[in-house]
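For reference, the chains in residue letters:
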Amino acid sequence: QVQLVESGGGLVQPGGSLRLSCAASGFTFRNFGMSWYRQAPGKERELVATITSTGDTTNYSDSMKGRFTISRDNAKNTVYLQMNKLKPEDTAVYYCYARIIRRWGQGTQVTVSS
């Protein structure tokens, strides 16, 4: 059974940082690109960042560029999202997504508030 388990979310002040993790199991993690998405209340789910299977290439949505970094450790079957300079508008549930096999994690809540 494919499993994607996010962790690392929580409450942080504006300007702060969080590091999200997504632990994968049930498939050959190193063969698949991975993405982070987020969904805020009343808004569509949006793509945050994508990383290729080897980690050679990363892509970011414009609003996250320069603040967020996606990375992966294939030996640990884990993908990460480092989030810096967080803003209230970053508040959302963040989801890990395995490409091709099209599987989602349950999500982790990130709240940016003073």
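In every chain, residue numbers begin from 1 and rise along the written sequence. Local features in a predicted model are, by the rule used here, given only for residues with pLDDT of at least 70; side-chain atom pairs are given and counted only at 80 or more, and totals for whole chains, interfaces and linings are based on all residues. Water and hydrogen atoms were dropped before computing side-chain values, which therefore reflect all heavy atoms in the structure.

Details of the packing of aromatic side chains
Selection rule: Classification of ring pairs rests on two measures: the distance between centres of Phe, Tyr or Trp rings, Trp counted by its six-membered ring, which must be within 6.5 Å, and the angle between planes, read as stacked under 30 degrees, edge-to-face over 60 and tilted in between. Helix and strand definitions here come from DSSP, where helices need a minimum of 4 consecutive H or I residues and strands a minimum of 2 consecutive E residues; each element is numbered from the N-terminal end. For each residue, the accessible area found with a 1.4 Å probe, counting protein chains only, is set against the maximum for its type, and the residue is called buried under 20%, exposed over 50%, and partly exposed in between.
Using the criterion set out here, one finds six aromatic pairs in the structure. With 5.0 Å between their ring centres and 65 degrees between their planes, Y37 and W104 make a pair best called edge-to-face. With a gap of 67 residues between them, Y37 in strand β4 (residues 34-39) and W104 in strand β10 (residues 103-104) connect regions that are remote in the sequence. On the basis of relative accessible area, Y37 is assigned to the buried category, the value being 18%. Under the relative-accessibility criterion, W104 is labelled partly exposed at 38%.

Focus on the state of the cysteines
Quick reminder of the rule: Our working definition of a disulfide is a cysteine sulfur pair at a distance within 2.5 Å.
Under the criterion given, the structure shown has one disulfide. Paired by a disulfide, C22 and C96 hold their sulfur atoms 2.1 Å apart. Of note, the bridge from C22 to C96 carries an S-S torsion of about -85 degrees and is left-handed in sense. One end of the pair, C22, is in strand β3 (residues 18-25); the other, C96, is in strand β9 (residues 92-98), and 74 residues separate them in sequence.

By themselves, these figures tell us nothing about what the structure is for.
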